[in-house]
Amino acid sequence: MSQALLGRSAAELQDWAVAQGQKPFRGRQLHDWIYAKGARSLADITVFPKTWRAALLEDGIDVGRLKEVHRSVATDATTKLLLSTEDCETIEAVGIPTDQRLTVCVSSQVGCPMACRFCATGKGGLQRSLRTHEIVDQVLSVREAMERRPSHIVFMGMGEPLLNSEAVLESIRCLNDDLGIGQRRITVSTVGVPKTLPQLAELAMQRLGRAQFTLAVSLHAPNQRLREELIPTAHAYPYEALLDDCRHYLDVTGRRVSFEYILLGELNDQPHHAAELADRVGGFQSHVNLIAYNPIEEEEFKRPTPQRIEAFRRVLERRGVAVSLRASRGLDQNAACGQLRRQQMTSSSAES
């Protein structure tokens, strides 16, 4: 793979420019062109000497931008991009706009090994983890496509972020320092991988100096039996052990944990499920984010009715659990993560 400059800090780019025999200000110019101007290639940076640009490109050094291969825009303006990597893999990034904000949902891996039954991404397995510049590029690509500055980032796209924690944390540093997106506006979502939560807390403190981003843990069930039915890999991570690690994360970082819960019609959305969930997550600083299921072709799960969603929410509220309902976006354009990529892969297979 070529050497990518995207993802490097201002100091790193300045040191790199000096190592190339250039003046330090060339590194500052490079930082501005990559992050503020959105240069897609060194060839675009017209303030650099043409001979130097050509020599760098010949040596396999470039910005490291991804190629947009498909764009899908829903009636609510939610925009999903299918991006191609240098090794011809594809990943998804989604821009979710409101009047006040633009949230970018980014992927951390090509595919996913966690095999959650309700998720289209996991149907194809894992190809590889993304590099830092490939994560940061998704934010720049959405910024360009929607002609608007992103305000919030959620690591809720393809992949399990805690299986790529080094690149995820470095991309958070970059998004924070180089693009000016505050850590408190960044959320990292995990389905739960044994031993990774304590490591994440300590590594974040070491690498970032603080851990102000939000940790969102995908529970999707109020007990171990049902959780294993929905998330086969959950058998390796007992429910209570996961919650203990969440408490440890809170102790180390001082940041409350958010629990994600996808409501599947007539499966995990009944009032007794809500009461059991309240018993599990009560007692420490946390928040439950309810998500109505977005259907995918491969599974026959149902989207819950508004009445069931509201009844579930009311039970949690009565039990003293902080709860919110995530608004569904992009339903007319296959909103569920991984669907656009699977459609493209299926189409390519049919044509070959």
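In short, a report on the structure. (Residues numbered from 1 in each chain as written. Predicted model: local features only at pLDDT ≥ 70, side-chain atom pairs only at ≥ 80, totals over all residues. Heavy atoms only, no water.)

### Structural notes on the overall build of the chain
Next up, step 1: Broken down by element type, the chain carries eleven helices and 14 strands.
Next up, step 2: Computed over its C-alpha atoms, the radius of gyration of the chain comes to 21 Å, within 12% of the 20 Å expected for a compact globule of 352 residues.
Next up, step 3: When the backbone C-alpha atoms are referred to their principal axes, the chain occupies close to 70 × 50 × 40 Å.
Next up, step 4: Residues counted as buried form 55% of the 352 residues belonging to the chain.
Next up, step 5: Sequence-distant contacts, at least 24 apart, represent 70% of the contacts inside the chain between residues at least 6 apart. (Helix = DSSP H or I, 4+ residues; strand = E, 2+ residues; numbered from the N terminus. Rg over C-alpha atoms; globule rule 2.2 N^0.38 Å. Buried < 20%, exposed > 50% of the residue type's maximum accessible area, 1.4 Å probe, protein only. Contact = heavy atoms within 4.5 Å.)

### A closer look at the nonpolar core
Next up, step 1: Judged by nonpolar contacts, the single largest core of 84 residues is most densely connected at F213, F259, V288 and L316.
Next up, step 2: With seven residues, helix α4 (residues 132-146) is the largest single contributor of residues to this core.
Next up, step 3: Beyond its immediate sequence surroundings of up to four residues, F259 is in contact with V217, L219, L243, C246, V281, F284, S286, H287, V288 and N289. (Core = buried A, V, L, I, M, F, W, Y, C linked by side-chain atoms within 4.5 Å.)

### Quick word on unusual backbone geometry
Next up, step 1: Unlike most non-glycine residues, K195 shows phi in positive territory, near 75 degrees.
Next up, step 2: Following the sequence through the fold, K195 ends up in the loop between β10 (186-190) and α6 (196-208).
Next up, step 3: Residue E266 is not a glycine yet carries a positive backbone phi of 65 degrees.
Next up, step 4: Take E266: it is sitting in the loop between β12 (257-263) and α9 (271-281).

### Considering the packing of helix α5 (residues 165-177) against α6
Next up, step 1: Between α5 and α6, whose axes approach to 10 Å, the crossing angle comes to 40 degrees. For the element pair α5 / α6, the angle class is oblique. Considering how the two elements wind past one another, α5 and α6 form a crossing that is right-handed. Mapping the contact onto sequence places S165, E166, L169, I172 and R173 in α5 and L200, L203, A204, R207 and L208 in α6. (Axes fitted to C-alpha atoms, helices over the stretch in contact; angles between N-to-C directions. Parallel < 35°, antiparallel > 145°, perpendicular 65-115°, else oblique. Left-handed = near helix turned anticlockwise from the far one by under 90°.)

### Here we look at the sheet that holds strand β11 (residues 214-218)
Next up, step 1: Ordered in space as β3-β4-β5-β6-β9-β10-β11-β12-β13-β14, the ten strands form an open sheet in which the pairing is mixed. Looking at strand neighbours, the two that pair on one side only are β3 (67-73) and β14 (323-326), the edges of this open sheet. Mean inter-strand twist for the sheet, computed between neighbouring axes without regard to direction, equals 25 degrees.
Next up, step 2: Bridge count between strand β9 (residues 152-155) and β10: three bridges; the pairing is parallel. Bridging from a neighbouring strand, V154 pairs with T187 of β10.
Next up, step 3: Across the face of the sheet, helix α10 (residues 306-318) comes into contact with β12, β13 (286-292) and β14 while running at roughly 175 degrees to β13. (Pairing = 2+ DSSP bridges.)

### A closer look at the environment of V47
Next up, step 1: Locating V47 in the fold gives a position in the loop between α2 (24-36) and α3 (50-58).
Next up, step 2: For V47, a relative accessible area of 36% translates into the label partly exposed.
Next up, step 3: Distance from V47 to R26, taken between C-alpha atoms, is 9.0 Å for residues 21 residues apart in sequence.
Next up, step 4: Excluding residues that lie within four positions of it along the chain, V47 makes contacts with R26, Q29 and W33.

### Some points on the pattern of salt bridges
Next up, step 1: A full pass over the atoms with the stated rule returns 24 salt bridges.
Next up, step 2: Residues D244 and R247 are paired through a salt bridge, measuring 3.1 Å at the closest nitrogen-oxygen approach. Of the two residues, D244 and R247 both sit in helix α8 (residues 239-253), three residues apart, roughly one turn of that helix.
Next up, step 3: Classification of D244 by relative accessible area gives partly exposed; the value is 43%.
Next up, step 4: For E317, the salt bridge identified is with R313, shortest N-O distance 2.6 Å. Of this pair, E317 and R313 both sit in helix α10, four residues apart, which is roughly one turn of that helix.
Next up, step 5: For E317, a relative accessible area of 43% corresponds to the partly exposed category. (Salt bridge = Lys/Arg side-chain N within 4 Å of Asp/Glu carboxyl O.)

### Description of α9
Next up, step 1: All buried positions along α9 are accounted for by H273, A274, L277, A278 and V281. Buried residues of α9, viewed axially, fall in a sector of 140 degrees; they line one side.
Next up, step 2: In this structure, the buried residues of α9 make contact with α7 (224-230), α8, β12, β13 and α10.
Next up, step 3: Where α9 terminates, the next one or two residues include G283, which has phi positive at roughly 100 degrees. (Arc of directions from axis to C-beta.)

### Quick notes on α8
Next up, step 1: Taking 1.5 Å per residue as the helical rise, α8 with its 15 residues ought to reach 21 Å, and the 21 Å between its terminal C-alpha atoms agrees with that figure.
Next up, step 2: Every buried residue of α8 is listed here: Y239, L242, L243, D245, C246, Y249, L250 and T253. The buried residues of α8 occupy an angular sector of 155 degrees when the element is viewed end-on, so they sit on one face.
Next up, step 3: Buried-residue contacts for α8 involve α6, β11, α7, β12 and α9. (Expected span 1.5 Å × (residues − 1).)

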